[in-house]
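What the coordinates show
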Amino acid sequence: MSEAVSETVAADRGKQSPLSLPAAAPAQAAELSDWIALLKPRVMSLVVFTGLIGLLIAPGHLHPVLGFTAVLCIAVAAGACGAINMWYDRDIDAVMRRTRNRPIPAGRIEPGAALGYGVTLAAGSVIVMGLAVNLAAASVLALSIGFYVFVYTMWLKRRTPQNIVIGGAAGAFPPVIGWASVTGSVDLLPLILFAIVFFWTPPHFWSLALFANADYQRAGVPMLPVVAGARETRRQIVIYTLLLVPLSLAPWLIGFSGLVYGLAAMVLGVGFIVSVWRVATDRQDASGVSQTNDAPARAAFKYSILYLFALFAALAVDRLAG
Amino acid sequence: MARDPDDLRRRRARNWAMLVVLLALSALFYAITIVKMTKS
């Protein structure tokens with residue numbers, strides 16, 4: 001599941017993890033905040049939100065206790081992925097400016113303890129989902145954890161600039177899991193939501209990669225700006241956004257949602273296109289390096305988060321009010 | 001084995017956190033059981 005949100009907020013605020021406490025704070029609170037930081041809570045918020053929307057718009061009824069359990073399992077699984085990711089990436093986290101204060105590279109939590117924590121939470125979330133909700137939701141949850149850990153973190157991230165394109169699928173599962181929690185199956189609409197998050201991930205993550213390029217270069221992570229340069233990355237951001245915006249209209253065009261969602265998707269989409277067009281036309285030197293400290297990329301990154309939240313919120317409002 | 005006060009504080013914090021998590025899980029499993037029994 002995408003780690004961009006937490007990483008960039010940390011980057012924007014300096015070197016400290018968002019949950020780090022001042023040195024004078026009690027040791028107990030600092031200890032707990034480190035274990036919470038391992039779960040990447042900022043990433044979790046987006047995952048929980050899209051999972052909740054998938055659950056809310058699905059046809060049928062799920063008891064509120066079971067609905068809460070399903071969302072909790074999605075959140076815990078996302079946190080488990082974050083902890084396992086931090087365990088595996090502890091070597092590159094130690095050399096990247098914005099991640100070197102994370103609990104493992106900073107030496108506050110043992111790598112083995114973090115791995116055990118992540119694996120326990122991952123297994124627990126799948127087992128509870130299967131026993132309390134249904135097997136379909138548990139299966140998709142297990143698939144998303146496996147995809148994030150083995151396909152994205154261990155296989156793609158350090159090998160190809162397409163890491164976040166293919167690996168982005170891991171972050172696209174939550175609406176499908178939410179839907180499956182209610183219906184016990186997977187239908188066309190959750191697959192469209194999956195595709196929306198899938199196509200949203202590259203412009204979101206590459207905007208981050210543009211202004212965090214030095215960190216990725218230092219760590220040897222083959223992000224697109226490192227491998228293909230900033231100019232090509234800006235071009236790819238525009239292409240994926242132009243694919244995403246028409247796709248975001250699909251729920252309205254095929255009659256799954258009404259005009260409220262259709263209009264929201266259009267307005268938000270135009271905003272996204274304008275935002276990435278500014279990235280593409282950013283003042284840059286001959287090699288494509290930004291002369292504005294990547295201000296348009298930073299703005300596009302922030303807008304991409306707002307875009308996804310607002311798009312999914314519009315879908316829920318439309319379905320629940322309609 | 002002797003431990004420094006900071007270690008003891010950290011261990012105590014972990015124990016309290018585990019207690020809270022276990023109590024919350026117990027309450028959740030109880031609620032799930034009641035819902036499942038009511039449904040069936």
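Bear in mind that the values here come from a model prediction, so they are computed numbers and not experimental data.

**Overview of the overall build of chain A**
Within chain A, the regular secondary structure consists of 16 helices and 0 strands. Whereas a compact globule of 322 residues would reach a radius of gyration of roughly 20 Å, chain A reaches 19 Å, a difference of no more than 12%. By principal-axis analysis of the C-alpha atoms, chain A measures approximately 50 × 45 × 35 Å. Here chain A holds 322 residues, and the buried ones make up 53% of them. If you take every contact in chain A between residues at least 6 apart in sequence, the share linking residues at least 24 apart comes to 74%.

**Observations concerning the nonpolar core**
Residues and elements named next belong to chain A. Judged by nonpolar contacts, the single largest core of 100 residues is most densely connected at Ile74, Ala77, Ala83, Met129 and Leu141. With 16 residues, helix α4 (residues 64-88) is the largest single contributor of residues to this core. When near neighbours in sequence (up to four residues on either side) are disregarded, Ala83 contacts Leu38, Leu39, Ala114, Tyr117, Gly118 and Leu121.

**Notes on the interface of chain B and chain A**
Between chain B and chain A, the residue contacts involve 11 residues of the former and 9 residues of the latter. Its residues assigned to classes, the side of chain B that touches chain A shows 6 nonpolar, no polar and 5 charged.

**So, the confidence of the model for chain B**
Averaged over every residue, the pLDDT of chain B is 87; residues scoring 70 or more account for 92%. Under the prediction, the complex receives an ipTM of 0.86, its pTM being 0.87.

**A closer look at helix α13 (residues 230-248) of chain A**
Residue and element names in this part refer to chain A. The first and last C-alpha atoms of α13 sit 26 Å apart over 19 residues, in line with the 27 Å expected at 1.5 Å per residue. Buried within α13 we find Ala230, Thr233, Arg234, Ile237, Tyr240, Thr241, Leu244 and Ser248. Buried residues of α13, seen end-on, are gathered within an arc of 130° and therefore sit on one face of the element. Each element contacted by the buried residues of α13 is listed here: α10 (188-211), α12 (224-228), α15 (259-280) and α16 (295-321).

**Some points on the environment of Ser275(A)**
Relative to the assigned elements, Ser275(A) resides in helix α15. Taking the C-alpha atoms as reference, Ser275(A) lies 10 Å from Ile237(A); in sequence the two are 38 residues apart.

**Some words on unusual backbone geometry**
Residue and element names in this part refer to chain A. A positive phi angle, close to 50°, is found at Lys40, a residue other than glycine. Among the structural elements, Lys40 can be located in the loop between α2 (27-37) and α3 (41-57). Phi at Asn293 is positive, roughly 60°, even though this residue is not glycine. Within the secondary structure, Asn293 is located in the loop between α15 and α16.

**Brief notes about α3(A)**
An α-helical turn contains 3.6 residues, so any two residues separated by three or four positions project in the same direction. The terminal C-alpha atoms of α3(A) lie 24 Å apart, and with 17 residues this matches the ideal 24 Å at 1.5 Å per residue to within 8%. When you tally the buried positions in α3(A), you get 13 out of 17 residues, the bulk of the element.

What counts and how
Residues numbered from 1 in each chain as written. Chains lettered and ligands numbered in written order. Predicted model: local features only at pLDDT ≥ 70, side-chain atom pairs only at ≥ 80, totals over all residues. Helix = DSSP H or I, 4+ residues; strand = E, 2+ residues; numbered from the N terminus. Rg over C-alpha atoms; globule rule 2.2 N^0.38 Å. Buried ≥ 20, exposed ≤ 12 C-beta atoms within 10 Å, placed from the backbone. Contact = placed C-beta atoms within 7 Å. Core = buried A, V, L, I, M, F, W, Y, C linked by C-beta atoms within 7 Å. Nonpolar A, V, L, I, M, F, W, Y, C, P; charged D, E, K, R; others polar. pLDDT = per-residue confidence, 0-100. Expected span 1.5 Å × (residues − 1). Arc of directions from axis to C-beta.

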